[in-house]
Amino acid sequence: MVPTGRRERILFVDHTAVLGGAELSLLDIATAFRHCAAVALFDAGPFAHALASRGVRVITLSAGTALRNVKKDSRAPSPAALLTTLRCAFQLSQAARGFDLLYANSPKSFLVSAMAGVLASRPVVWHLRDIVSSAHFSPANIRILVAVANQRAARVVANSQATADAFVKSGGRLDIVRVVHNGIDPEPFDALPPDARAATRRSLGIAEDAFVLGSFSRLHPWKGQRVLLDALESLSGVHALVVGGALFSGEEAFEAELRVRIAHPSLAGRVLLLGARGDVPRLIAACDAVVHTSVLPEPFGRVLVEALLGRRPLIASDAGGVREIVQDGVTALLVPPGDVPALVRAVQTIRDEPALAAAMAEAGLADVRLRFTPTALIEGVSAVIDGVLDARIV
Ligand code: UDP
Ligand code: GLC
């Protein structure tokens, strides 16, 4: 764990203040480091409140709000994007003078931190939580990210081996990469009352005997909510809770599309679109199985660990970091990304073979409790930070 007597000061940096998986993970990291760290954010929002409520100091950089409009898949950085990045870097470099190390939690915040690190002569670590490939990023953005990382990142902390491999495949330096998986606190799952399933169903108006799937991802085409709805068309009588918000700008149209789709007679009355929620453990408890349907490689997928901590059978998309978390047929059923008939078959298996489903959930729970702990996450991050500070890499 983080030594409480630590003198070095860490400035974590994130461009967004919405609560995505990357921010939920940083929330736990920053909480563990709070006696010697602060978090710089380029925006205001729920992440800032969550950090403050855990006693973490938040520094909001006013120049950053314009960064919202800079997209991963934009073909080339516009002059406006460059100007915003420079402004943020300057502000961040001022803040960085009170710290020994900058620790960036996203691609955008890494680029800004890299510049600020030069201005303030501070080392920069990048926690890479994205698969750097043409499926997620434009070629120009990949070139920029990899070149800057190779030059300016003291270390790249990858959230999975799959993420690390994609970075290296894109030209990233292998010698600076360290893999540190996410760790999730089991306590909110363990603390649920025995009647959580029934009580949550009652509060949502779902029948006790309905077979219910749960999807827990922000609403985005690559998270595959369409695949789930396609599968439901062939799964008569099966219900779904679709949990997650359109967190980033531009996804409102996708949410509207899903709303129209679930009102169609083929799905009407079977799908609840619940938006972004803060009570995921309780909602997981209401489900008979959790489905992860990403159509592009998932860098890690916290939701997989959470489903198993919630003692639910899990069906997941077989790509990215998913095989580092689960074993097909042992702790979950894996289906090829975007393969609707395969998803339908997997749901039928879980529904029709409850003993198999329960055995996989039980094996998965035991496995994730051991391998994806908050302690391992903090120790992994701590080791990287200590290594950089001890070696005085700038
Ligand atoms: N989540 C949440 N509320 C929601 C939907 C999701 O708190 O309405 C959480 C979910 O429990 C998980 C995280 O958001 O911890 C998503 O992380 P994941 O790694 O699965 O995907 P990401 O969105 O980061 O790509
Ligand atoms: C990102 C990834 C997700 C991962 C999360 C936490 O948001 O999309 O797969 O679990 O970061 O590292």
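In short, a report on the structure. (Residues numbered from 1 in each chain as written. Chains lettered and ligands numbered in written order. Predicted model: local features only at pLDDT ≥ 70, side-chain atom pairs only at ≥ 80, totals over all residues. Heavy atoms only, no water.)

1. What about the overall build of the protein chain?
Across its full length, the protein chain carries 16 helices and 13 strands. Taking 2.2 N^0.38 as the reference for a compact globule, 394 residues should give roughly 21 Å; the C-alpha atoms of the protein chain span a radius of gyration of 21 Å, in line with that estimate. Judged by the C-alpha coordinates and their principal axes, the protein chain covers about 60 × 45 × 35 Å. Put simply, 70% of the contacts in the protein chain that link residues at least 6 apart link residues at least 24 apart. (Helix = DSSP H or I, 4+ residues; strand = E, 2+ residues; numbered from the N terminus. Rg over C-alpha atoms; globule rule 2.2 N^0.38 Å. Contact = heavy atoms within 4.5 Å.)

2. Here we look at the site of ligand 1
The environment of ligand 1 is made up of 16 residues, and the closest members are R218, K223, R277, R302 and E306. G244 places a main-chain nitrogen or oxygen 3.5 Å from an oxygen atom of ligand 1. In the model, an oxygen atom of ligand 1 is placed 3.2 Å from a nitrogen or oxygen of the V303 main chain. Protein coverage of the free-state accessible area of ligand 1, which is 540 Å², stands at 87%. Of all the secondary structure elements, the ones that give two or more residues to the shell around ligand 1 are α1 (21-32) and α12 (302-309). Considered class by class, the residues forming the shell around ligand 1 number six nonpolar, four polar and six charged. (Near = heavy atom within 4 Å. Polar contact = N/O pair within 3.5 Å; in protein donor to acceptor, adjacent residues only side chain to side chain. Areas by Shrake-Rupley, 256 points an atom, 1.4 Å probe, with all protein chains shown as cover. Nonpolar A, V, L, I, M, F, W, Y, C, P; charged D, E, K, R; others polar.)

3. A closer look at the packing of aromatic side chains
Counted under the stated rule, the structure contains five aromatic pairs. Three or more aromatic residues joined by ring pairs form one cluster here, namely F12, F33 and Y103. (Phe/Tyr/Trp six-rings, centres within 6.5 Å; stacked < 30°, edge-to-face > 60°.)

4. What to know about the site of ligand 2
Inspection of the region around ligand 2 gives G21, A22, R129, N159, N182, R218, E298, P299, F300, G301 and R302 as its neighbouring residues. In the model, an oxygen atom of ligand 2 is placed 2.9 Å from a nitrogen or oxygen of the G301 main chain. Expressed as a share of its isolated accessible area of 310 Å², the protein-covered part of ligand 2 is 93%. Among the residues making up the shell around ligand 2, the classes are represented as three nonpolar, four polar and four charged.

5. Some points on unusual backbone geometry
The residue S121 is not glycine, and still its phi comes out positive at about 50°. Structurally, S121 is set in the loop between α4 (107-120) and β5 (124-128). Look at R311: it is not a glycine, yet its phi comes out positive at around 65°. The topology assignment puts R311 in the loop between α12 and β12 (314-317). Looking at R311, the relative accessible area reads 37%, which means it is partly exposed. (Buried < 20%, exposed > 50% of the residue type's maximum accessible area, 1.4 Å probe, protein only.)

6. A few points about the environment of G245
Relative to the helices and strands, G245 is located in the loop between β9 (238-243) and α10 (252-263). Sequence separation between G245 and P186 is 59 residues; the distance between their C-alpha atoms is 23 Å. Ignoring anything within four residues of it in the chain, the contact list for G245 reads R218, L219, G275 and A276.

7. With respect to the sheet that holds strand β13 (residues 333-335)
Read across the open sheet, the six strands follow the order β10-β9-β8-β11-β12-β13; overall the sheet is parallel. Edge positions in the open sheet fall to β10 (271-275) and β13, since each of these has one partner strand only. Each neighbouring strand pair of the sheet contributes to a mean axis angle of 20°, computed without reference to strand direction. Two strands pair when backbone bridges link them, and strand β8 (residues 211-216) and strand β11 (residues 289-291) are joined in this way by two bridges, in the parallel orientation. Residue pairing in the sheet places L213 in a bridge with A289 of β11. Relative to the sheet, α12 contacts β8, β11 and β12, its axis offset from that of β12 by approximately 170°. (Pairing = 2+ DSSP bridges. Axes fitted to C-alpha atoms, helices over the stretch in contact; angles between N-to-C directions.)

8. What to know about the packing of helix α14 (residues 340-352) against helix α15 (residues 354-371)
Where α14 contacts α15, the two axes come as close as 5 Å, and the packing angle between them is 100°. With respect to α15, the axis of α14 lies roughly perpendicular. On the side of α14, the interface is formed by T349, I350, R351 and D352, while α15 contributes P354, L356, A357 and M360. In terms of residue class, the contact of α14 with α15 is built from five nonpolar, one polar and two charged. (Parallel < 35°, antiparallel > 145°, perpendicular 65-115°, else oblique.)

9. Description of the sheet that holds strand β4 (residues 101-104)
The seven strands lie next to each other as β3-β2-β1-β4-β5-β6-β7, forming an open sheet whose pairing is parallel. Since the sheet does not close on itself, it has two edges, and those belong to β3 (57-60) and β7 (177-179), each with one partner. Along the sheet, successive strands turn relative to each other by an average axial angle of 25°, direction set aside. Where strand β2 (residues 37-41) meets β3, four bridges bridge the pair, whose relative direction is parallel. Among the inter-strand pairings, V39 is bridged to a residue of β3, identified as V58. Along the sheet face, helix α6 (residues 161-169) touches β5, β6 (153-158) and β7 and points at about 160° away from the line of β7.

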